Amino acid sequence: MNELNGKRILLGVTGGIAAYKAAELVRLLTKEGADVRVVMTNSGTEFIPPLTLQALSGNPVHTSMWDQSIPNGMPHIELSRDCDLVLVAPATANFMAKLAAGRADDLLSTLCLARDCPLILAPAMNKQMWENSSTQRNLDTLLQDGIHFVGPDSGIQACGEQGAGRMSEPGLIASEIISWLQPKLLQDRNVVVTAGPTYEAIDAVRGITNASSGKMGYAVAQAARDAGANVTLISGKTSLVPPSQARFISIISAKDMLDAVLNEVDHADIFISVAAVADFSVRNPSERKIKKSQQKLNIEFDETPDILKTVASRKNRPFCVGFAAESEDVEEYAKKKRMEKGIPLIVANLVTEALNSDTNSLILIDDDGSKTLPPSSKLEQARLLMTHISRLITKQ
Ligand code: C5P
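Bear in mind the structure is a predicted one, so any value in this text is a computation, not a measurement. (Residues numbered from 1 in each chain as written. Predicted model: local features only at pLDDT ≥ 70, side-chain atom pairs only at ≥ 80, totals over all residues. Heavy atoms only, no water.)

On to the domain arrangement of the protein. When the parts come together, some accessible area is lost, and that loss is often what is quoted as the size of the interface. Taken domain by domain, the protein consists of domain 1 (8-180) and domain 2 (190-395). For domain 1 versus domain 2, the distance between C-alpha centres works out to 40 Å. (Domains from an automatic or database assignment.)

Here is the structure:
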């Protein structure tokens, strides 16, 4: 998927051993369709030859303020004006200090000062240098100046020491850039997402649950966050890492999920219910493990609360979106469910296509009819869903 089509990224490379990772970063960004222009400091060129980055980006690499090839003779202006963002990876302690002081003594620092687009830094340095009070002071200044950071990560460093200061992996930096450049269709909207399964205990060790990886719900939470929303993700147990910057509330049972949702929903503009909520809970679950020797085990069930319906029937309800996973007659059943739950939008999918898979093909059903999205990754489907939701809420 070409998530960076039509985007121009200026990549600054400063002088640290992590500069070798810039090659992979350029490859990943160009693979996503970005036009990457590389600017290197003199120290950066000591670690990786400009020719490598030129070959991978397909563009000449700039290193000098006095570059005769730039028509107006002002490379710092020319290069920074038509890009969507400037990314410096790796950013050394020295480069952070220069930026914090507003210095402009080479091409990269000058264009960072002259830019009119966002600046993201991926720091890389020895852990003592990262922890040093002057670097931390510079970090605070740069954050206050509205500069963004990816990493640094912790781990074994090139010098053999262990700690914080490793440059984040190129794959992570590229995905942060993709997130960053998404259109902010839901800027500052409060979005509550439920995801994953719920678990209803039978006894201390046994329970009933629904098969749900949580992948679709987590993708929805990420897409909402990338669209500029303040996201609260309320989730049952999954093996997934919640998107950074989303508020995360972990729950076990349908009742826990209902309580958490009701706590949050007063402030929500949009409620997206992706969770596979168990339909029944066990009446009087045993706190102890039930012995196998018992001849017959009778379990009584109660219906769980319908969380989505509860939210949708409130007076000041947020814009409610439901999901319907069906084994057959997907559209027909989903349409019926939309009516029963009284919600403006339901998203239908085939259980066999969606379960545990990384891809999906959603059907969006609202007052205007239904629209089937071509199959793609769950994240791409979720991004298209955000576009659809933003259109519907602006129509309201
Ligand atoms: O009725 P069904 O479970 O198929 O409806 C699916 C939709 O309703 C999903 O959006 C799901 O998250 C939500 N739901 C709920 N509470 C339940 C059951 C389902 O919020 N108890």
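Here the focus is the pairing of strand S3 (residues 85-91). Each regular strand carries side chains that alternate between the two faces of the sheet. For S3, the tally of buried residues reaches 7 of 7 residues, placing the bulk of the element in the interior. Going residue by residue along S3, you find Leu 85, Leu 87, Ala 89 and Ala 91 tucked away on one face and Val 86, Val 88 and Pro 90 tucked away on the opposite face as well. Pairing between strand S1 (residues 8-13) and S3: 4 bridges, direction parallel. Bridging from a neighbouring strand, Ile 9 pairs with Leu 85 of S3. Pairing analysis gives 4 bridges linking S3 to strand S4 (residues 119-123), with the strands arranged parallel. Residue Ala 91 lies in a different strand from S4, and its bridge partner there is Pro 123. (Buried < 20%, exposed > 50% of the residue type's maximum accessible area, 1.4 Å probe, protein only. Helix = DSSP H or I, 4+ residues; strand = E, 2+ residues; numbered from the N terminus. Pairing = 2+ DSSP bridges.)

This part takes up the site of the ligand. Around the ligand sit Ser 273, Ala 275, Val 277, Thr 304, Pro 305, Asp 306, Ile 307, Leu 308, Gly 322, Phe 323, Lys 337 and Lys 341, and that is every residue in its neighbourhood. Within the contact set of the ligand, a nitrogen atom lies 3.0 Å away from a backbone nitrogen or oxygen of Ile 307. In this structure, an oxygen atom belonging to the ligand sits 2.3 Å away from a side-chain N or O atom of Lys 337. Relative to its unbound accessible surface of 440 Å², the ligand loses 85% to contact with the protein. More than half of the atoms of the ligand fall within 2 Å of the grid points belonging to the largest pocket. When contributions to the shell around the ligand are tallied by element, the ones reaching two or more residues are helix H12 (307-312), strand S16 (319-326) and helix H13 (330-341). Here the residues of the shell around the ligand are counted per class, giving 6 nonpolar, 3 polar and 3 charged. (Near = heavy atom within 4 Å. Polar contact = N/O pair within 3.5 Å; in protein donor to acceptor, adjacent residues only side chain to side chain. Areas by Shrake-Rupley, 256 points an atom, 1.4 Å probe, with all protein chains shown as cover. 1 Å grid on protein atoms, 1.4 Å probe; cavity = no way out; pocket = protein on both sides within 12 Å on 5 of 7 lines; lining within 4 Å. Sits in = over half its atoms within 2 Å of the grid points. Nonpolar A, V, L, I, M, F, W, Y, C, P; charged D, E, K, R; others polar.)

To continue, consider helix H10 (residues 215-226). For H10, which comprises 12 residues, the first-to-last C-alpha distance of 16 Å matches the rise-based estimate of 16 Å (1.5 Å per residue) to within 8%. Burial analysis of H10 places 10 of its 12 residues in the buried class, the great majority of the element. Those residues of H10 that sit buried are Met 216, Gly 217, Tyr 218, Ala 219, Val 220, Ala 221, Ala 223, Ala 224, Arg 225 and Asp 226. After H10 finishes, the residue Gly 228 shows a positive phi value of roughly 100 degrees. (Expected span 1.5 Å × (residues − 1).)

Attention shifts here to the sheet that holds strand S12 (residues 247-250). The strand order across the open sheet formed by 8 strands is S12-S11-S8-S13-S16-S17-S19-S20, and the pairing between neighbours is mixed. Each edge of the sheet is formed by a strand with only one pairing partner; in this case those strands are S12 and strand S20 (369-372). For this sheet, the mean angle separating the axes of adjacent strands, direction not counted, is 15 degrees. With 6 bridges connecting them, S16 and strand S17 (residues 345-350) associate as parallel partners. In the strand pairing of S17, Phe 323 is matched with Val 347. Against the sheet, H10 engages strand S8 (190-195), strand S11 (230-235), S12, strand S13 (270-273) and S16, with an angle of about 170 degrees to S11. In the packing of H13 onto the sheet, the strands contacted are S16, S17, strand S19 (363-366) and S20, and the crossing angle to S17 comes to about 150 degrees. (Axes fitted to C-alpha atoms, helices over the stretch in contact; angles between N-to-C directions. Contact = heavy atoms within 4.5 Å.)

Okay, the packing of aromatic side chains next. Any pair of aromatic rings gets described here by the distance separating the centres and the angle formed by the planes. Applying the stated criterion across every chain yields a total of 2 aromatic pairs. Aromatic pair Phe 280 and Phe 301: ring centres 6.3 Å apart, planes at 65 degrees, arrangement edge-to-face. Here Phe 280, found in strand S14 (residues 280-282), pairs with Phe 301, found in strand S15 (residues 301-303); they are 21 residues apart in sequence, far enough to count as distant. Accessibility expressed as a relative area gives 38% for Phe 301, which makes it partly exposed. (Phe/Tyr/Trp six-rings, centres within 6.5 Å; stacked < 30°, edge-to-face > 60°.)

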